[in-house]
Amino acid sequence: MIAASEPQEFVPRGRQQIKEHPGEVVLPSTQPQLRPESLLLHRLSQVAISDTPKESEWWCICTSKNGDPECEEELYVKGKTAVWSRGVDGSQVVLCCYTCETPVKHALWCTFHSSASDKPVLENNESTFTDEPKGIPMSCVCIIDSDNVKIFTSEGEDYVSSLQFQVANVWSTKYGIILERATETTSSKVGCNSMFDMHSSFGNSLQLPTVFALLHPMDDVSPVLAKHGSLFHMSDPCQRIVFTSEEPSICMLYDSKTGLHSVWKIRKAVPEESQAMWSYFESSLNHSSGSMLAGGSNGSNKIYSVFTSTAVDGIKTSFTSSPQMSRSHSPMAAISRCQSPSVSTSNLARLTLTPTSLGWRSLCQNQIFSLSPGSATPPPDARMMTSQPLVDNQVEAKPIYPELCLEHIWTENLGVPRDVSYGPTKRVFLSSDLVGQTYLYYLVPTLGQLFCARLEKANKEQKLIFGVVNNITAKDAAPLPHLNMIATVDLSGGIVLYSGINLVGKVHVAGIPSALTTSSYLSLNLGSQFASPFPRRSSLLPSSRPASGMEPRFDDEVYMLSPVHASHEGLDNSPSAEDAKGFTLYTPRQGQLAGLRDAVGSRVTLEYSDGSLFRISLPQLCSSPLVSECLSTLKQVLQRDLAMHIIIKWYGIRNAPGTQDICPVQEWQLFTGVLLELVGYDVEKLPVMQQQESHGAGTSGILNKKKRVSDSGSEWDWNYLLLSGHHRSLGRGLACLLGLEPVEAVVPPFSPLPVPQINTNAVLFNSIPLILFSLHMLYEELKLNMLLAESLPLLSQLLHQLACDLHLQEYVLHYWKDFPFHCPLVTCTLQESQVTSIDLKKLSLPSFIPADPPSIFQHCYQLIRKQDVEPFPYISHVNKKTKDIVQLVALLTLGYQFPHLQLDSFVKPVVPPGSRAEPHELLSALDTGNSTKYPVPYRAVLLMAEMGITRRELQTLPAGIALLLNDAIYSCRSDPPSDWPESAYRLIVRQDLAAHCCHPKQPAGPGSRSGDSLHTRLPQPPYQYSSFNDTSRKTAVAAATRMTECEQDDGMEAINQEKVLKPVQITITQRPEVSDHEFIEEQEKHLYAICTRTMALPVGRGMFTLRTVAPVVTETLPIPRLCLTGRAPPRGTTVDLSHIEVVPNMNLWPLFHNGVAAGLHIAPSASNIDSNWIVFNKPKGTNEVPTEHAGFLMALGLNGHLSNLAHFNTYEYLIKCHEMTSVGLLLGVAATKRGTMDMAATKLMSIHLEALLPPTSIELDIPQNIQVAALLGIGLVFEGTAHRHIAEVLLSEIGRPPGPEMENSVDRESYSLAAGLALGLVVLGKGSKLCGLGDLAVPDTLHYYMVGGHRRPLSGSQKEKYRSPSYQIREGDSVNIDVTSPGATLALGMMYFNTGNRAVADWMKAPDTQYLLDFVRPDFLLLRIIARSLILWDDILPTSEWVESNLPATIRPYCLVKPRPGMPDSVDYETMNQAYCNILAGACMALGLRFAGSANNEAFETLFKYAKTFTSLTGKSIAELAGKSTIEICLNVILLSLAMVMAGTGELEVLRMCRYLRSRVGPTNSVVTYGSHLATHMALGLLFLGSGRYTLSTSPSAVAAMVCAFFPKFPTHSNDNRYHLQAFRHLYVLAVEPRLLLPRDIDTGHLCYVHLTVVYLDTVHYTGQQVRLQAPCILPELSKLQEVKVEDDRYWGIVFHRDRNWDQLLNLLQYSDCLDVKQRAGCLSYLEDPQGFRSLLAQTLTSETTISWSIPAESICAFSSDPTMVNFAHYFLETEGCDGSSSELEVMQVLTMLVYECVTQDKLGILPIWITLLKAMMNLRSKQTHVFLTWQLKLLAAQVLTDKAPFDSKLVAPSLALSVQQYANMVLDTWQTELAPLLRQYMTGNLHRNSENLRQLVTYLTYCDIPSPSKLSSLLKGDMDLLSLFARLQPLGLPMSTVRRIQEIMSSTSHNT
């Protein structure tokens, strides 16, 4: 009888929630309004005469998926509401309530997978097909009402899909859910009308499927295939699913025709099956088309194709076009679930097509189609497998792909005729038994039978095989997965437990009288196959119900169970209805037990016939870890039937009523009795049991009661009582008192007490040796777990008893040494063994049991000393840790000598006969133990990580073993390899390196670790900024904090928020002579000057905030308003530009830039930037696309997000021909498709370029700016490809003449420049290596366009096109180089980029005479110097000498000097000075490009010198020599170049210069134009690029992008695009790269300073170059680096090497993550201790040479702030006020020294080890030592002090270990004299008495390696001199110190004799 817990009345948590629920939710009706004439009919239909029917309720309960095995989840449904709750035993918490518009019909938990559907037909290679679902699992709640499937994920996402058929049932599977369509036979069950009546019209040729699968909420349902010999659809309405399982993936079907159940495997359909099935189905459709015509009033003959999905009017739509389908805004909703809707005529291609959104979920929901009265109505069943809209234009149908297939496995009673069908099963479940066998159970209630079949997997292909079907009589059943049992309800209403088909026992529930005798329980024999001679243990309850059982008092009496048999009063004693009236409502006796439900874990609900529910919990197998380990071991080594018998027997005895609350020791005694009884012992007579009873108080009664072996008494029992000590002491006195004669025992004086004998017929008798050996291996395994050390004495007693009876003296000695008082050495002499010699002959020791007992400590000790050892036995799943430790010790000790050590040879796998042999376990997946890639300690650590050893497990190992492993770990900490797994880094306590292993390899969301703001990690100064003067401080602080969130300001509010969002302050005063009208004009002129600066801000703001946010996809991206008004103090009157003339639409391009700046906020890694969200950001209420949205589109393209824009939306944007929108979209798409030659992007650009259109195409009136954007866009798309046709067209477009007629007459310069830049991009860096372009003469033509010449005749299509000249521009016979020269010059420079071609470079040299200078525009000289520098890229040097080397020698004397007497009058000073300024500016810009983003100090100094020079010139009259406008342009170029070099660094000097230059506002600064402010703000933005996280790259592609963006010709006003399209200014984005390295302390989470060493790759100019940096910093360009190392005395080192873990560094930078570093012990951060003065003492004491003998505890507290160490020092080490003894103070001093060493050397992990060793030394002194601790001292000495030590220990100083060893030897020497007699008796085998000194004796024997007497006694005969003794003992391999001690002991014997 098994005692269950107290029954508790069960009330579903959802029922309570429903009472508090507000009721159904009324949603707005989507149905059409009723006509007036039908209104009355509608109202009458709402009236019901009968009462409202009561809503039914139902619920299901499962184990929670949150990881807590005790937690339950409940899904409760009533009416229209479903309640999901979670909790345990009355503490449930409601997670969510779901309310539908119609009653809920089905609800269940299910799991989908987030990846796109794996269409098997797309798998071309059969080997790549996998049956496993792919993607991230999503736990969902699926709710189905009459109209919809609603799926809610645990992450908050929800999906709603329409149903196209009534669902009879829904099942959860491994892949998703399976829906069963309601047919005629099931429609009544699901409450639907008989709308599915089409089968008769279709005939027998085709039946529609009844089973469908849904693999993802956004998929279409697909029909399910079935395979049973042939392949067919699941279309038989007689077959229905009664059960599904996820693991294994199977289902059970019931066929109502045959009345049989069958099992089918659920798997993915392979492509061949789908193709074959579709071909067959298509032919069936063709043959049966006549019978499938849909009826209608007009006799329409449209055929509704089955399995098809057709789009409306031929337009193929996708799911995303119907927002009603899903309300999810999550990343899941953005995943496209459909393939490209291409159409093909072949069957295979048709199978690849997936249904569109007009499928099963959209016909009802989307009101797209309206049925007229005369239109054809589709047959309802046609909607099962079709989504066919009612349209006249039929297009080719697309099949719905079958994704799942059911493959037949097994059918019950196959081949056996069955006359009567017993109906379907009521309950089906899978369950495992106690020995791991899986069974499928199904209950047939009409038979009252529970059928069970065993499942096994075949070795090949893992096919399921079903065994013989057995049956159990039961009314109901439920699985108990935590117990590996099932609970059944027998026919009499009792609860019976089974495991597999084996009866476990009857369940006793308190308060429920059990009808034991009336059930079939007593007729079942417990394990009848085991023939035990002992009577079976009967029930503890009476055989029949007593009369009192019918009374309420039985509840109290049920606990007082008596072993005395009651009289049998009859079998039918069930209580009558009248008797039952006395019971109270809370007891579960109101009705008979009807069934079980809601089984979770070990809990189940009892359901009674009156509807009451009670929840009970069944007890676990055991509560003691020792018993659990022993059961697991026996289950592993014994045969299954034997193991099952043991566990069932144990479970029944352990959990009998009254034995629940016992301690682990009592439970072990109980287990020992059960095991020994099954072995065959007379348990009560065993010494081990008597000894345990004497130790365990109060347990003997339990044992005596439970071990009764006979119901009748005997004479021996009476004599036993009379001979007891209790009778002898009290019997005579009691007899005298009562006047009775004393009674004496009748025992013959000559007969000894009978010796009980073991029962050789016991079930486990023949397994005694195997049990001993397997439990011995467990015994050694438990020695490696300090937490289970207390269990060892208990287990040793059992093993000692078995070893004694088997006469295994070495084993007996082994246990005696470990526990001398628990396992006496002389047991066999005190009492005869129950195992006789005759019995021993029946037992044969297996060959794998060695004569000497395996000892893990002895084995490791011998390995450390490099002695020859036998392989250690290993039993799978019994002593795995032992195997791991043996292999690790072998590797650490012998790996140095034998690099290719085979670690498998150190263990010997043992497979007991009859046990379950398992495949050979590999050492590790990477064969790490045999790898010589790393040194031995590194290999050992990696092996530990692969074995699964963690820091927590290391702490549970014994001190001697843990010390060895920690030594290897400590030696690897400083420089571990970079390719280790995360677990290895955590093992060596390098959390910093472990964090790098788990950095995201994909974009992280804004809420993730990588996306959180660094602003939140730093203390923020309480600064308040309101004026422009604080700009630099504000910007610097913002850059330092690296704000990345939307809510944080961007650090430029002084120049951004106040000037852009708010009206500016007009702070000019009115002079007396100025009238009011004139003053207003002055105010507006001043406002206009400020507005000019404000309008130039957005470009810089876009740089500053580049890629810093991930937007919320449910909201639009905020775009700051560009405010161009002012306020005049003191009244704050508004000032606008209404009284002065301004440029028309002057804010057009500034608004565009504002939109770009807003869009550039978005990081490339931001998710859910899809087509819907992009269109969602378009402002509503206007048909025109706002200019800011056009810039927003370009920004998305620059960051790569326009690839998500649907072609339809692109068309919608471009069709309106809005100039700004087209410009932004074309450039954005081109940037996204850069260098891809994408055909769609090419067509998009070509439409806007007449030169790329066919000659016969229609002429389109396309604005000039759109053509310019398309021209550069085509260059971006074909960047670096050298495409011939594109290059030819672009080359001709550079010299495109004006015309014809009025065309190409405006902004020709920007068009030619764009063509030149595009050509440069296409042939970037190709130089003379152009293949296939030689006939184009590209360099010659470009030179012609650059320097001019006679116009060359046009050819090709242009000849006819330009026959009509331009009506506006007349050009002569020469080419107009004012138009063509800039583009051609830069195209040449980009074409020959970094080629070093001197010939082409010489074309760009500045003329060296004044005469030649007169033929070149000065600003062209600037471009030529840039182009020349691009060609001679490697010759650029960051020096003033190189800059001025570009100046011709002839002009230097006349530059920037006033004319003096004596100078030639023929010198044109203006020409000379303009040439001088432009050449310098060009050289500076080339310098900026060459060293962009490098922060090169020499380049900075050079450029800063020239910037200061030109700044000083702006206010001097000498500037008039070159013209102030020329000085201004050159200053802007130099400033921009300076910012390029210092990009992302926030250099203060550059910031100051920017502040000064942007303060130049007003009429006194006439040369400061919009372009000047634009350059200044671009420089400022570059300085803080991406809030300091980004900088510029110098790759060829990046340099080309910078040339396009920083073209040195700036607009004069805000709408100026004559020379350079302003949109190109944002192409710098293509040149940025993240290189900010932010160190963070892994322990505190705070940012910190760390020193880095950066090693450069070797080049022709230098080798071995390295530089030392302090992070946070901008790293040098990664393409030039070999290695980045953290080399800091205060932090542990980290190395990123190009050939090893370079990708980790790239990920850190790409996703703006932090470099986690770990601080060394004794060091403070640079913020706390900048100079290192506070940690000087710590650095001194942490050196390895420091030896501290006396350390005050205060030093530890001052040294370490770790709370654990501070508390330890306070409670254990402080000596103030301590009155302890001298020995106690001595221990405190030693402990303080050890703690201080561990703290200072960062070795806190070994502090517990030292405490254990110190405890061992203290026990030695007090003579209370334990062999376990003695072994730790031995292992310590062996590791550190022996000559054969494997390596120098880094944790233990040799001097410290030597002192420990000397102390131990000294103590043992003092013991030797006292122990000499016992030692002599032991050595000669004559130790026959116990002694108080046994503990000292075994300690001495263990520490000194004294062998056993059986090996030693024969060798001690003879001479006792040292040499002779050593010679005789040499075979034992004893050390000389042991031989000497033996000689001394034996010599003292002869001397005494």
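Use the structure listed above.
Predicted model, so just to flag it, every value in this text is computed and none were measured.

Undergrad: Sorry, what's going on with the sheet that holds strand 7 (residues 106–113) here?
TA: Two strands in a sheet stick together by hydrogen bonds in their backbones, pointing the same way (parallel) or opposite ways (antiparallel). The strand order across the open sheet formed by four strands is 7-8-9-10, and the pairing between neighbours is antiparallel. One side of each edge strand has no neighbouring strand; the edge strands of this open sheet are strand 7 and strand 10 (158–162). With direction set aside, neighbouring strand axes in the sheet form an average angle of 25°. The pairing of strand 8 (residues 137–144) with strand 9 (residues 148–153) spans five bridges and is antiparallel. From the neighbouring strand, C142 faces strand 9, where its bridge partner is I151.

Undergrad: Would you mind going over a nonpolar patch on the surface with me for this structure?
TA: Side chains of W716, W718, Y720, L721, L723 and V743 sit close together on the surface and give an oily, nonpolar patch of about 600 Å² of accessible area. As for its position among the elements, L721 is in helix 14 (residues 715–722).

Undergrad: I keep staring at the pattern of salt bridges and nothing clicks. Help me out?
TA: Pairing between side chains of opposite charge can happen when their charged atoms approach one another. A full pass over the atoms with the stated rule returns 40 salt bridges. In this structure, R1552 engages E1549 in a salt bridge whose closest nitrogen and oxygen atoms are separated by 3.1 Å. In this pair, R1552 and E1549 are both assigned in helix 51 (residues 1548–1558), three residues apart and thus about one turn of the helix distant. Sharing partners across several salt bridges, the network here consists of E70, E72, R603 and R615.

Undergrad: How do you make sense of helix 18 (residues 809–818) when you look at a structure like this?
TA: Side chains of residues three or four places apart in an α-helix project in the same direction, reflecting 3.6 residues per turn. Counting buried residues in helix 18 gives nine out of ten residues, a clear majority hidden from the surface. Of all the positions in helix 18, only E810, Y811, V812, L813, H814, Y815, W816, K817 and D818 are classed as buried. Buried-residue contacts for helix 18 involve helix 16 (768–782), helix 17 (792–805), helix 60 (1827–1840), helix 61 (1854–1883), helix 62 (1894–1903) and helix 63 (1909–1912).

Undergrad: What should I look at first to understand the side chain of T488 in this one?
TA: Tracing the backbone shows T488 in strand 29 (residues 485–489). Of the residues examined, T488 reaches a relative accessible area of 0% and is grouped as buried. Once residues lying within four places of it in the same chain are set aside, the contact partners of T488 are L450, A474, D476, A477, G494, I495, V496, Y498 and L596.

Undergrad: Honestly, the sheet that holds strand 37 (residues 1064–1065) in this entry has me stumped. Any pointers?
TA: The strand order across the open sheet built from three strands is 37-38-39, with neighbouring strands paired in mixed fashion. With partners counted over all chains shown, the strands left at the sheet margins are strand 37 and strand 39 (1133–1135), one partner each. Where strand 38 (residues 1126–1128) lies against strand 39, three bridges are found, and the strand directions are antiparallel. Bridge pairing in strand 39 places A1128 opposite T1133.

Undergrad: Before we go on, may I ask you to explain the pairing of strand 11 (residues 167–172) in this structure?
TA: Looking along a regular strand, one sees side chains alternate from face to face of the sheet. Most of strand 11 is tucked away, with five of its six residues classed as buried. The pairing of strand 11 with strand 12 (residues 177–181) spans five bridges and is classified as antiparallel. Looking across to strand 12, one finds that W171 is bridged to I178.

Reading the values: rules and limits
- Residues numbered from 1 in each chain as written.
- Predicted model: local features only at pLDDT ≥ 70, side-chain atom pairs only at ≥ 80, totals over all residues.
- Heavy atoms only, no water.
- Pairing = 2+ DSSP bridges.
- Helix = DSSP H or I, 4+ residues; strand = E, 2+ residues; numbered from the N terminus.
- Axes fitted to C-alpha atoms, helices over the stretch in contact; angles between N-to-C directions.
- Patch = residues over 30% accessible without salt bridge, like charges linked within 9 Å, V, L, I, M, F, W, Y side chains within 5 Å.
- Areas by Shrake-Rupley, 256 points an atom, 1.4 Å probe, with all protein chains shown as cover.
- Salt bridge = Lys/Arg side-chain N within 4 Å of Asp/Glu carboxyl O.
- Buried < 20%, exposed > 50% of the residue type's maximum accessible area, 1.4 Å probe, protein only.
- Contact = heavy atoms within 4.5 Å.

Any functional reading would require information beyond the geometric quantities listed.
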